[in-house]
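The chain contents come next:
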Amino acid sequence: MKHILAVLLFTPSLLLAELKVPHFFSDHMILQRERAAAIWGKADAGAEVTVSFKGKSATAKAAADGKWRAQIETGAADAKGAVLTISAVADKIEIQDVLVGEVWFASGQSNMFYTMNRSPEYAGLIAESNHPALRMFNAPLVTAEANQEDIDGSWKAATPETVADYSAVAFFFARKLHLELGVPVGVIKSAWGGKPVETFTSREALNTLPGTKALVDAMLKDAASFDQAKADAAYTTKLEQWKATMAAAKGKADVDRKRLPKKPDAPKRPLLTEGRPGVLYAAMIHPFVGYTMRGAIWYQGEGNARPGAVPYDQTLPLMINDWRKRWGDEFSFYYVQLASYHTPSTEPGTPDSWALTQDRMRLVLATTPKTGMAVTNDVGEANDIHPKNKKDPGERLARWALAKDYGKELIYSGPLFKSSEVKDGAIRVTFDQAGEGLKSRDGGALKRFEIAGADKKWKWAEAKIDGKDTVIVSSAEVKQPVAVRYAWAANPEGSNLVNSDGLPASVFRTDDWDDVEIQVDPSANERRALADEIKALAAERNKHDKKSAEYQALQKKLQPLMEKYKATAPKK
């Protein structure tokens, strides 16, 4: 809690506005070491604000709108709490127990939001976690139409009581840094499950790319036509239908119960709907812009791994560069490649938007400086988009930071495709990050390599390690190969190429065949409305006996709507 001391002046006309700072400038915060840390807030227009910390001070003058910003030198890492004082004439804020160390920003969707207490195997670790100098700020789930200057939340040190609610990936990342560097580590976590990368990016940036500009335009069109009263009325109807359906199902045996519908959500204006372009940037990213930090970690992409999505190797760099520009800092940015998911594929050449997104993530490494990727195709679960193993992703992110930001000599990634050469009826593939040498995880033959000729017909390939960092790929069925892929599946079961540290090789391809075209569906809003109408009619129909006239009449109304819905589905 911030301690605010105010001296009341006798003349009412001379009373000053309250000195304020955002919530993340609060007790137990961590400041980035060896930097001039930015501190900002509001005071009376023209007021001189002084920031003091550990014998050093900085001043700033509040502008006409009351905003001020100062920078204070933090010095070396320090795990002993100190007081950060901010004063302006008669007002003073004292922020207690401030440490100096390494600061990181953690964002993304559900796999970054995923908390430690959701994985039963971490119960013991939670119970023994006592790291006073490892702290996390958890941002709430909020939306906003315009860029916000503050967001609720508080800093909490890592204890058995608090770690349970920490982001698991962020905790394992921070814990590894904390233990290996021996300095305080602070993480600001601002994530929301199920959301696409576009909602974490500013609309100004989104408008610079045709594919994402189309998403913004569609949202603005929806916003212009949104009728709150009409939406509320439709919601009331759907809610009553849902209640009736649930009441009718009550007491029936499971075998007799139909698949029960989800309770309808209350309507939101498009500009306040969390998945829409720029909405979460405005509410959950913009408040932190400028907080002095070493870098960011990111776990997201599930919401973009679909046919027709704007390619992820365009949208992720767009967001990264947007953030860096607004922070005024080319900070490090490390992300988790999508983990395995869905039923394992058994045939080569299977088109897969999940694998395509994974590979596009890999491409970002070459186009966007100071980025790193944790490969996790050995971590996923076929039936759960939220793998319980969050230790490996978090610690693999930390490897990148330890090597690139802190000068540690270590293997920081699984094998990454470097180059390929067609020679003597085979394809020679060379990898970066082989470590002391490539190997098979299980000691058996390499699997999940596939190869094709100019006919684009994929065949499973024989793959043999040749030297430290090379694999020779061939097939008796493909005499003149032109392309090779590895782990090209949402769940590449059996993929076993690793480096000397046991880190898995990333999916890759040397072709660009069968790519999914960008498809921005202008009728998406109409389809949503049509789907709502279909659900409402189906719920009403299901209240009646199948042999009744009422049921048959409603079924007759449903039939053309279903046909229209199918006919307007986006083409894959």
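These figures come from a predicted structure and were not determined experimentally. Counting of residues starts from 1 at the beginning of each chain's written sequence and follows it residue by residue. Thresholds applied to this predicted model are a pLDDT of at least 70 for local features of residues and 80 or more for the giving and counting of side-chain atom pairs; totals over whole chains, interfaces and linings are not thresholded and use all residues. To get the side-chain values, all heavy atoms of the structure are used, and hydrogens and water are removed first.

Taken together, four strands build an open sheet; the order of strands is β19-β18-β22-β24 and the sheet is antiparallel. Of all the strands in the sheet, just β19 (458–460) and β24 (508–509) have a single pairing partner and so form its edges. Note on pairing: two strands pair once DSSP finds at least 2 bridges between them. Strands are runs of DSSP state E lasting at least two residues, helices are runs of H or I lasting at least four, and both sets are numbered from the N terminus onward.

This next bit is on the environment of T199. Relative to the assigned elements, T199 resides in the loop between β11 (185–191) and α5 (203–206). By relative accessible area, T199 is classed as buried at 0%. Sequence-distant contacts of T199, defined by excluding residues within four places in its chain, comprise E274, G275, R276, P277, G278, V279, L280 and Y281. Polar contacts involving the side chain of T199 include one to the main-chain carbonyl oxygen of E274, which spans 2.7 Å. Any pair of nitrogen or oxygen atoms within 3.5 Å is treated as a polar contact; in protein, a donor-acceptor pairing is required on top of that, and neighbouring residues in sequence qualify only through side-chain atoms on both sides. A distance of 2.7 Å separates the side chain of T199 from the backbone oxygen of R276, its partner in a polar contact. Residue burial is assigned from relative accessible area. The probe radius is 1.4 Å, only protein chains are included, and a residue is buried under 20% of its type maximum, exposed over 50%, and partly exposed in between. The contact criterion used is simple: two residues touch if any of their non-hydrogen atoms lie within 4.5 Å.

The next thing to look at is the packing of aromatic side chains. Geometry of aromatic contacts follows a simple scheme: Phe, Tyr and Trp rings, the Trp one being its six-membered ring, pair when their centres are within 6.5 Å, and the pair is stacked under 30 degrees between planes, edge-to-face over 60, tilted otherwise. In total, this model carries 33 aromatic pairs according to the counting rule given. Residues F24 and F288 carry aromatic rings whose centres are separated by 4.9 Å and whose planes lie at 40 degrees to one another, so their mutual orientation is tilted. Here F24 is found in the loop between β1 (3–6) and β2 (30–32), whereas its partner F288 is found in the loop between α8 (279–285) and β12 (295–299), with 264 residues between them in sequence. Neither F24 nor F288 differs from the other in exposure class; each is buried. The positively charged end of K390 is found above the aromatic ring belonging to Y114, 4.0 Å away from the centroid. Against the face of W488 rests R485, its NZ or CZ located 4.6 Å from the ring centre. Charge-over-ring contacts are defined here by two conditions on Lys NZ or Arg CZ: a distance within 6 Å of the ring centre and an angle within 35 degrees of the ring normal.

Given a rise of 1.5 Å per residue, 14 residues ought to cover 20 Å, and the 20 Å separating the end C-alpha atoms of helix α11 (residues 391–404) matches this to within 8%. Here α11 has its buried residues at P393, G394, E395, R396, L397, A398, R399, W400, A401, L402 and A403. Buried residues belonging to α11 abut β8 (91–108), α4 (168–181), β12, β13 (332–336), α10 (353–367) and β14 (371–374). Each residue after the first adds 1.5 Å to the expected span of a helix.

Right, let's get into α10. Each α-helix turn comprises 3.6 residues. Residues three or four places apart therefore point the same way. End to end, α10 covers 21 Å across 15 residues, agreeing with the expected 21 Å (1.5 Å per residue, within 8%). With 11 of 15 residues buried, α10 lies mostly within the body of the structure. Of all the positions in α10, only S353, W354, A355, L356, T357, Q358, D359, R360, M361, R362 and V364 are classed as buried. Taken together, the buried residues of α10 touch α9 (312–327), β13, β14, β15 (416–423) and β24. Two or three places before W354, at the opening of α10, D352 has a side-chain oxygen 2.8 Å from that residue's backbone nitrogen.

Our next topic: the pattern of salt bridges. In what follows, salt bridge is the name for a side-chain nitrogen of Lys or Arg lying within 4 Å of a carboxyl oxygen of Asp or Glu. Applying the stated criterion across every chain, the model contains 29 salt bridges. Between D466 and R428 there is a salt bridge, and its shortest N-O distance comes to 2.8 Å. Here the residue D466 occupies a position in the loop between β20 (462–465) and β21 (470–474), and R428 occupies one in strand β16 (residues 426–432), the gap between them amounting to 38 residues. Residues participating in the shared-partner salt-bridge network are D359, R362, R485, R509 and D511.

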